Amino acid sequence: MEFAPIIIYVCLALIGIGALLIVGFGGLNLSRGKSSPLTLGIIAVPLLIFVIFYFIAPADFLATLQKADGSYSVGPGGYAVMMTALTMLGLGTVGLLVTTARGFFK
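This report concerns the structure included in the present document.

Rules used in this analysis
Residues numbered from 1 in each chain as written. Predicted model: local features only at pLDDT ≥ 70, side-chain atom pairs only at ≥ 80, totals over all residues. Heavy atoms only, no water. Helix = DSSP H or I, 4+ residues; strand = E, 2+ residues; numbered from the N terminus. Buried < 20%, exposed > 50% of the residue type's maximum accessible area, 1.4 Å probe, protein only. Contact = heavy atoms within 4.5 Å. Areas by Shrake-Rupley, 256 points an atom, 1.4 Å probe, with all protein chains shown as cover. Core = buried A, V, L, I, M, F, W, Y, C linked by side-chain atoms within 4.5 Å. Patch = residues over 30% accessible without salt bridge, like charges linked within 9 Å, V, L, I, M, F, W, Y side chains within 5 Å. Salt bridge = Lys/Arg side-chain N within 4 Å of Asp/Glu carboxyl O. Polar contact = N/O pair within 3.5 Å; in protein donor to acceptor, adjacent residues only side chain to side chain. Phe/Tyr/Trp six-rings, centres within 6.5 Å; stacked < 30°, edge-to-face > 60°.

1. Overview of the overall build of the protein chain
Assigned secondary structure in the protein chain consists of 4 helices and 2 strands. Reading the protein chain from its N terminus to its C terminus gives the helix and strand order α-α-α-β-β-α. Going through the 106 residues of the protein chain one by one, you find that 14% of them count as buried. Pairs at least 24 apart in sequence give 50% of the contacts found in the protein chain among residues at least 6 apart. Working note: accessible area of the protein chain is about 7800 Å², and carbon and sulfur atoms make up 75% of it.

2. Overview of the nonpolar core
Ranked by size, the top nonpolar core spans 7 residues in total: Ile49, Phe50, Phe53, Ala57, Tyr79, Ala80 and Val81. For this core, the secondary-structure elements that each account for two or more residues are α3 (45-55) and α4 (76-105). Apart from the residues lying within four places of it in its own chain, the contact partners of alanine 80 are Phe50, Phe53 and Tyr54.

3. Here's the deal with the environment of glycine 75
For glycine 75, the location among the structural elements is in the loop between β2 (70-74) and α4. A sequence separation of 21 residues divides glycine 75 from tyrosine 54, and the C-alpha atoms of the two residues are 9.3 Å apart.

4. Brief notes about a nonpolar patch on the surface
The grouping of Leu38, Ile42, Val45, Met88 and Leu91 at the surface amounts to a nonpolar patch, some 450 Å² of accessible area in total. A relative accessible area of 30% places methionine 88 in the partly exposed class.

5. As for the environment of glycine 78
Take glycine 78: it is sitting in helix α4. Between the C-alpha atom of glycine 78 and that of tyrosine 54, which follows or precedes it by 24 residues, the distance is 8.5 Å.

6. Topic: the side chain of threonine 84
Relative to the helices and strands, threonine 84 resides in helix α4. Residue class for threonine 84 comes out buried when judged on its relative accessible area of 5%. A polar contact of 2.6 Å, which involves the side chain of threonine 84, links it to the backbone oxygen of alanine 80.

7. As for the packing of aromatic side chains
Overall, the coordinates contain 3 aromatic pairs when judged by the stated rule. Summarising the aromatic geometry, the rings of tyrosine 54 and phenylalanine 55 are spaced 5.5 Å apart at their centres and angled 85 degrees between planes, so their arrangement reads as edge-to-face. Phenylalanine 55 gets classed as exposed once you look at its relative accessible area, which sits at 67%. Residues phenylalanine 104 and phenylalanine 105 carry aromatic rings whose centres are separated by 5.1 Å and whose planes lie at 80 degrees to one another, so their mutual orientation is edge-to-face. Classification of phenylalanine 104 as exposed rests on a relative accessible area of 63%. An aromatic cluster of three or more residues is present, and its members are Phe50, Tyr54 and Phe55.

Right, dumping it as structure tokens:
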């Protein structure tokens, strides 16, 4: 059994669940006056990155994950998930480094 296709669908499910929770709790906090609309706009960055990568996926991109009985193809959705995860990992790392450097030199 190949776990790569399962992992891609788990990533998609986690992105969806996370987005729903962010919208739900963000709307609740906005209605209570505990957060600003700008904060909620910044939270939409991962979804925006996913949509951008989905639409700029190369037309010939069809990653093939080998299985014992053949192959499994991942289209632009899989490409967008992988690139979104890598981009957010990179942005998180840069943010952590900048925050640490700023605290170090303060």
